[in-house]
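Each chain, written out:
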Amino acid sequence: MLLAVPDEGVPYVRLDQAAEDRGCEVGIVQLDRDIGIAFSHSPHHPGFLIRANCVVCGWRWSRFVSGGTRSAVDSWIEYWDAQSDMGDGAWRKNAELFLEGSASLFPFGPEDRVLDIGSGPGFLAESIRGRVRAVHCVDTSRRYIEQGRQRLADAPNVTFSLLGEDYLDFSFLGSERFSRIVCASVIQYFKSVDEVERLIAEVRGHALPGALLLIADVPVQQHILRDLAGLLRTAWRRDYLWKVLRFTARSLRGDYARLRKTRGLLALRPEQLEACAARLGLRGEWSAAPLTLNDARRHFLIRF
Ligand SMILES: C[S@@+](CC[C@H](N)C(=O)[O-])C[C@H]1O[C@@H](n2cnc3c(N)ncnc32)[C@H](O)[C@@H]1O
């Protein structure tokens, strides 16, 4: 079977003979950036990872096809939507650390309805789905939302929604209300402090009385090296330093570093976040509990 890969310099890809030998039907009707195709991690080895699966038996097929040119990502939204040069395994680890560290600050119980903003591929939802009533994951990355939907297709209490161009418009949630709202490692990709304030205002409209909003993993260290030290310290303590070094080396050369220079990461002083809450008539408290991959980060908790 021949599949076209549009506009990227790799005109056709032949699906593995193994699929035909198995008599599998390949479940791709359309092959484009949104479905089943991801770019190579490395700018030195441009290419595509094509994924397909059998619609009948679920058999998965993947093949790396080198060639083509990778169009440069130009915003943080595009960055997270493309294959990130950091790899995605880190977010599974982040979810583990979060659960371990957040038990007293941000506990989950059987009645909780959780909104995870910037959920990535839904690793937190995967870990807590058996402990809470429902989890709604929202993210700007179509790739992550699709991955999450596929991985958690058997979890009726987990929902995924793709955020639109105005990622601060949560009106699609309708009358849905939540008791736990988490936004971890996300606001640094916002354009301004005003956007953070709008986020808080927006989620307030979807918070149940007494709900908790946790804005976690806020990079409050003004110097990048101090922030980086927090990442290395956690990795050293947790015995995965070599992985973090590899991931850091990749991100220093790749799109992440380029975007950090051209678009910047939102640097927030703690008092700016406190002021956002105060303008909305809310009070937040800071926690330095190690909740994520970086123990230099701080977490802001608001109780509605
Ligand atoms: C560093 S990952 C964190 C993933 C997950 N929250 C965790 O803690 O492991 C950042 C996530 O934020 C998402 N993101 C970036 N900008 C966003 C925005 N404006 N609104 C919602 N999600 C966003 C990215 O697509 C990505 O999934």
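Cut-offs applied
Counting restarts for each chain: residues are numbered from 1 in the order of the written sequence. Reporting in this predicted model follows two pLDDT cut-offs: at least 70 for local features of residues, and 80 or more for side-chain atom pairs to be given and counted; totals over whole chains, interfaces and linings ignore these cut-offs and use all residues. Under the scheme used here, helices are H or I runs from DSSP no shorter than 4 residues and strands are E runs no shorter than 2 residues, and both carry numbers assigned from the N terminus. Using C-beta atoms placed from the backbone, we call a residue buried if 20 or more other C-beta atoms fall within 10 Å of its own, exposed if 12 or fewer do, and partly exposed for counts in between. We call a residue near a molecule or strand if the C-beta atom, set from the backbone, is within 6 Å of it. When residues are grouped by polarity, Ala, Val, Leu, Ile, Met, Phe, Trp, Tyr, Cys and Pro land in nonpolar, Asp, Glu, Lys and Arg in charged, and all others, Gly among them, in polar. What makes two strands pair is DSSP finding at least two bridges between them. Here an angle of 0 to 180 degrees is reported between the N-to-C directions of two axes, which are lines fitted to C-alpha atoms, with helices fitted over the stretch in contact. Note on contacts: each residue gets a C-beta atom placed from the backbone, and two residues are in contact if those atoms are within 7 Å. As used here, a nonpolar core is made of buried Ala, Val, Leu, Ile, Met, Phe, Trp, Tyr and Cys residues. They are joined through C-beta atoms within 7 Å.

Undergrad: What am I meant to see in unusual backbone geometry here?
TA: Leaving glycine out, the prevailing phi sign among residues is negative, and the prevailing peptide bond configuration is trans. With phi around 60°, Ser 185 is a residue other than glycine that occupies positive phi space. Structurally, Ser 185 is set in the loop between β9 (178-184) and α6 (193-204). Take Ser 185: there are 22 C-beta atoms within 10 Å of it, and that puts it in the buried class. Unusually for a residue other than glycine, Asp 217 sits at a positive phi of about 65°.

Undergrad: Whenever I open this one, the site of the ligand confuses me. Can you help?
TA: Around the ligand, the surrounding shell holds 21 residues, and the nearest of these are Trp 80, Gly 118, Gly 120, Ser 141 and Ala 184. Elements supplying a minimum of two residues to the shell around the ligand: α2 (76-81) and α3 (89-101). Broken down by class, the residue content of the shell around the ligand amounts to 13 nonpolar, 7 polar and 1 charged.

Undergrad: Can you walk me through the sheet that holds β9 in this structure?
TA: The strands that make up a sheet are held in pairs by hydrogen bonds between backbone atoms, and each pair lies either parallel or antiparallel. Taken together, 7 strands build an open sheet; the order of strands is β8-β7-β6-β9-β10-β12-β11 and the sheet is mixed. The sheet is open, and its two borders are formed by β8 (158-162) and β11 (284-287), each paired with just one other strand. Going across the sheet, the axis of each strand differs from the next one's by a mean of 15°, ignoring polarity. Taken together, the 5 bridges between strand β6 (residues 113-117) and strand β7 (residues 134-139) define a ladder with parallel strand orientation. Counted as the bridge partner of Asp 116 is Cys 137 from β7. Of the strands in this sheet, β6, β9, β10 (207-218) and β12 (298-303) are in contact with α6, which crosses β10 at around 155°.

Undergrad: Before we go on, may I ask you to explain the nonpolar core in this structure?
TA: Proteins that are soluble and globular tend to have nonpolar side chains buried together. Ranked by internal contacts, the top residues of the largest apolar core, which has 45 residues, are Ile 181, Val 182, Cys 183, Val 203, Leu 213 and Ile 215. It is β10 that contributes the most residues to this core, 7 residues altogether. When sequence neighbours within four positions are dropped, the list of residues in contact with Cys 183 reads Ile 117, Gly 118, Leu 199 and Ile 215. Residues Leu 231, Ala 235, Phe 247 and Leu 293 belong to the second largest nonpolar core, which totals 5 residues.

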